[in-house]
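Chains, contacts and geometry: an overview
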Amino acid sequence: MNPLIQEVYQTHHIEEALELLKRFGERAKLIAGGTDLIIQMREGRVSPAVLIDISSVEETREIKEVDQMIEIGSTATFTQVETHSLFDRELTAIAQAARSIGSPQIRNRATVGGNICNASPAADMLPPLLALDALAVLKRDGCARVIPLSDFLTGKEQTALETDELLDRIRFRKIPDKSGIGFSKLGVRNALAIARLSMALYVAWDHEGCCCDIRIASGALGIKAQREWETENFMAGKKLNDALIDETAAFLEENTVKRLAGRSTLPFKRHAVQGVFREAFDQAMRGPDRRIKHATDIL
Amino acid sequence: MRQTSFKVNGETHTVEIQEGMRLLDLLRNTLQLTGTKEGCGEGECGACTVIMDGQIVNSCLVMAFQAEGKEILTIEGLDLEDGTLHPIQQAFLDEGAVQCGFCTPGMVLSAKALLDHNPHPTNEEIREAISGNLCRCTGYNKIVEAIGEAAKAMTKGEKDRGTAHRGAK
C-alpha cells in the first residue's frame, strides 16, 4: 500500500496519457511494467501523487520493420523482444540483452521504454541500442521530436525527457552485410542478475578486412550507459586481427583505470572490461553462424 | 477509492480499491485469496507469482488499478471444483517438492505457465522457467523433477482423454 498516491489512470491511447501528463505535470509519473517504479516508490525515492498507466496502450507495444528501420515501441516487454523473429539472426544481440534481464516474471512486465527512461548505468538494453545508434522518438501534446539515444541519456538516472513528454518508441537502422553486433554481460548469477559490466559492439568491415565502421557501448562502466568514443577511434580504419583485439583490450583497460580511479570496483573491472570486449567482438564477427570457430576467420 | 473490474480464477469481480494498492494487496486483503504469498516485496523471490493474461507476473510489482480488465489466475483457481488437485500440484506432492510450502504457490504457477506454452520442456527449460522463484528448502531438484513428471502426466492425460473421446464416438 502506498498512501501517497491519490489518483490513478489506466490509459489506452497515447493521446490520453499525454493529456494527463500535461494536466498534472510534475505530480504525475508514468507507469508501464512498474518493475522499477514500484520498488522506487516503496523505498521512498519517488513519491508521485498521480500514476498514469500506459501498460495497456496497444499502439506503443509494437515491434516492426519500417523501410529498413526497426522500431521498438516503448511499452514492448522484454519477453516480446527476446522472442521476436526480427531478433533471431543478425540482431540476436538485442534478444540476448533482453533475455539477460531479471526473471521471466520481470521480463513479462518490464518494458524497453522503462529500461531506457530509468536510465540506470547498468540498464541491459542500453548498450546494444547505443551500439546500433538508435534514435529516441519523444512525444508531447501535439508534437514529436527525435533525438539520438546517446543524447537522450544525460547522466545517472537522468534523461532529456521533459515532464510533459513520453518516449513513444526507439528506432535504428538494420545492419548491412559484412557487419555484426555482439553483446556480453557479466552478472553475479544467471537469473535476476543486475549487470556488473556489459558491452555491445557493432563492427563493419571492408573487402580487405579493415574496420570501416565501429560503435562500442558499455553498461556500468561509469555514471551512465555510454558510447566508448575513444576506443572506437582507436579501432577505426585498422585491420581487424588478433593483434588489434589485444591492443584494444589493453587500451580499454587503460581507459577504465582512468575513469574508475579510486573506485572499489576498479581492480575487478579493469580485467573484466577486456573479457566482455573480447566476447562482444567475437560474437559481432561470427554473427549467427556458429560454424565459424575463430572470429577473424570470416574476413 | 476507485472501482475496478477484473477476472480472478474465472470469476468477474468489481471491487473498490485504494489507489496505492498493489495487485498482491488486492488478492490477499480484499479478496482473501491468501494462497498468493508475499516474500520480498520487490520482485526477487517470486512467492507472489500469479498468472495475468496468460503470463506469470510478480503481483507485488503490479498496481491493483493496472489489473483492470485483466484475467488473473491464482493458486486457488488451479484445482477442480471437486477438490481434485491439478496434475502439477499432485506431482509436487508425489515427488516431495514441497517442504515449508511458502514458495509452492508461485512455483506451481510458474510451472503451469511453462507447460501451457511448452508441454515437453527439457530440464534446462524447467530451470529457466522457475528462475524467478526462490526456494530455500528443497534445493530445487525435486521441484524440477515434479514439473517433469507433471508434464508427462498431463500429456498422458490428454492422450487418454483423446482415446476415450474417440471410443465414445
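Attention in this report is confined to the structure presented alongside it. In this numbering scheme, every chain counts its residues from 1 along its sequence in written order. Here the convention is simple: chains get letters from A, ligands get numbers from 1, in the order in which they are written. Restriction of local features to residues with pLDDT of at least 70 applies here, the model being predicted, together with a cutoff of 80 or more for giving and counting side-chain atom pairs; totals for whole chains, interfaces and linings are based on all residues. Side-chain numbers here rest on the full set of heavy atoms in the structure, without hydrogens or water.

Bringing the overall build of chain B into the picture now. The numbering of helices and of strands both runs from the N terminus, where a helix is a DSSP run of H or I of at least 4 residues and a strand a run of E of at least 2. What chain B contains, in helices and strands, is 5 helices and 5 strands. The reference for a compact globule is 2.2 Å times residues^0.38; the radius of gyration itself is calculated from the C-alpha atoms. Against the globule reference of 15 Å for 169 residues, chain B gives a C-alpha radius of gyration of 17 Å, in line with a compact fold. C-alpha atoms of chain B, sized along the principal axes, occupy 55 × 45 × 25 Å. Whether two residues are in contact is decided by their heavy atoms, any of which lying within 4.5 Å being enough. Long-range pairs, those at least 24 residues apart, make up 55% of the contacts in chain B with a sequence separation of at least 6. Carbon together with sulfur atoms contributes 48% to the accessible area of chain B, which is approximately 8100 Å² in total. Residue-level accessible areas treat just the shown protein chains as cover; the underlying method is Shrake-Rupley with a 1.4 Å probe.

The next point concerns the interface of chain B and chain A. On the side of chain A, 33 residues touch chain B, which itself brings 35 residues to the contact. Joining two parts hides part of their accessible area as seen by a 1.4 Å probe, and the buried area is that hidden amount summed over both. When the buried area of chain B at its contact with chain A is split by residue, B:Leu61, B:Phe65 and B:Gln66 rank highest and sum to 24% of it. Only one rule defines a salt bridge in this text: a Lys or Arg side-chain nitrogen within 4 Å of an Asp or Glu carboxyl oxygen. Taken together, the links from chain B to chain A amount to 2 salt bridges. Think of a polar contact as two N or O atoms within 3.5 Å of one another; within protein, one of them needs to be a possible hydrogen donor and the other a possible acceptor, and neighboring residues in sequence only count if both atoms come from side chains. At the junction of chain B with chain A, the criterion picks out 12 residue pairs in polar contact (both at pLDDT 80 or more).

Quick look at the environment of A:Asp246 now. Among the secondary structure elements, A:Asp246 is positioned in helix 10 (residues 242-259). Note on exposure labels: buried denotes an accessible area under 20% of the residue type's maximum, exposed denotes more than 50%, and partly exposed covers the range between, all computed with a 1.4 Å probe on protein chains only. Residue class for A:Asp246 comes out partly exposed when judged on its relative accessible area of 41%.

A few words on helix 2 (residues 87-94) of chain B. Residues and elements named next belong to chain B. Taken together, the buried positions of helix 2 are Ile88, Gln89, Ala91 and Phe92. Down the axis of helix 2, the sector holding all buried residues measures 160°, keeping them to one side. Among the exposed residues of helix 2, those pointing more than 90 degrees away from its buried face are Leu93 and Asp94. Where helix 2 ends, the next residue or the one after it, Gly96, has phi of about 70°, a positive value. Comment: arc refers to directions from the helix axis out to C-beta atoms.

All names here are of chain B. For His86, the position within the fold is in the loop between strand 5 (71-73) and helix 2. Among the residues examined, His86 registers a relative accessible area of 12% and is labelled buried. Leave out the neighbours within four places in its chain, and His86 touches Leu78, Asp79, Lys112 and Met154.

On to the sheet that holds strand 12 (residues 197-205) of chain A, then. Hydrogen bonding along the main chain pairs the strands of a sheet, whether they run parallel or antiparallel. Spatially, 11-12-13-14 (chain A) is the arrangement adopted by the 4 strands of the open sheet, whose pairing is antiparallel. Taken across any chain shown, the strands that pair with only one partner, and hence form the sheet edges, are strand 11 (179-186) and strand 14 (226-227) of chain A. By this definition, two strands are paired if DSSP reports at least two bridges between them.

Residue and element names in this part refer to chain B. Along the polypeptide, Val98 turns up in the loop between helix 2 and helix 3 (104-117). In this structure, the C-alpha to C-alpha distance between Val98 and Leu78, residues 20 residues apart in sequence, is 17 Å. Leaving out residues up to four positions away in the same chain, Val98 has contacts with Phe92 and Thr104.

Next up on the list: the pattern of salt bridges. Residue and element names in this part refer to chain A. This model, assessed by the stated rule, comprises 26 salt bridges over all chains. Linking Glu43 and Arg45 is a salt bridge whose minimum nitrogen-to-oxygen distance equals 3.0 Å. Close ionic contact of Asp133 with Arg227 constitutes a salt bridge, the shortest N to O distance being 3.4 Å. Taken together, the residues span a long stretch of sequence, with Asp133 in the loop between helix 7 (126-131) and strand 6 (135-140) and Arg227 in strand 14 at a distance of 94 residues. The exposure class assigned to Arg227 is buried, which follows from its relative accessible area of 9%. Each of Glu71, Lys139, Asp168, Arg169 and Arg171 takes part in salt bridges that share partners, so that together they form one network.

Here the focus is the packing of aromatic side chains. Residues and elements named next belong to chain A. Side-chain rings of Phe, Tyr and Trp (the six-membered ring for Trp) are treated as a pair once their centres are within 6.5 Å; stacked means planes under 30 degrees apart, edge-to-face means over 60, and tilted covers the remaining angles. In the structure shown here, the tally under the stated rule is 3 aromatic pairs over all chains. With a centroid separation of 5.7 Å and an interplanar angle of 35°, the aromatic rings of Tyr9 and Phe24 are classed as tilted. With a gap of 15 residues between them, Tyr9 in strand 1 (residues 7-10) and Phe24 in helix 1 (residues 14-24) connect regions that are remote in the sequence. For a Lys NZ or an Arg CZ to count as sitting over a ring, it must be within 6 Å of the ring centre and within 35 degrees of the ring normal. Sitting over the ring of Phe234, Lys238 keeps its end group 3.8 Å from the ring centre.

This paragraph deals with the pairing of strand 7 (residues 143-148) of chain A. Where strand 6 of chain A lies against strand 7 of chain A, 6 bridges are found, and the strand directions are antiparallel. The partner of A:Val137 across the bridge, within strand 7 of chain A, is A:Val146.

The next point concerns the sheet that holds strand 2 (residues 11-17) of chain B. Residue and element names in this part refer to chain B. The 5 strands lie next to each other as 2-1-5-3-4, forming an open sheet whose pairing is mixed. In this open sheet, the two strands that pair with only one neighbour each are strand 2 and strand 4 (55-58). Taken pair by pair, the neighbouring strands of this sheet meet at an average axis angle of 40°, ignoring direction. Here strand 1 (residues 2-8) runs beside strand 5; their pairing, made up of 2 bridges, is parallel. Of the residues in strand 5, the one forming a bridge with Val8 is Ile72. On top of the sheet, helix 3 reaches strand 3 (49-52), strand 4 and strand 5; it is set at about 35° to strand 3, its chief contact. What counts as an axis is a line fitted to C-alpha atoms, over the stretch in contact for a helix, and the angles between N-to-C directions run from 0 to 180 degrees.

This next bit is on the nonpolar core. The biggest cluster of nonpolar side chains holds 76 residues, and the ones touching the most others in it are A:Phe87, A:Leu129 and A:Phe172. Looking at this core, the element that brings in the most residues is helix 4 (residues 92-99) of chain A, giving 5 residues. Contacts of A:Leu129, omitting those with residues within four sequence positions, involve A:Ile94, A:Val112, A:Ile116, A:Ala134, A:Leu149, A:Ile170 and A:Phe172. Residues enter a nonpolar core if they are buried and are Ala, Val, Leu, Ile, Met, Phe, Trp, Tyr or Cys, with the set joined through side-chain atoms within 4.5 Å. In this structure, B:Ile56, B:Leu115, B:Ala146 and B:Ala151 belong to the second largest nonpolar core, which totals 27 residues.

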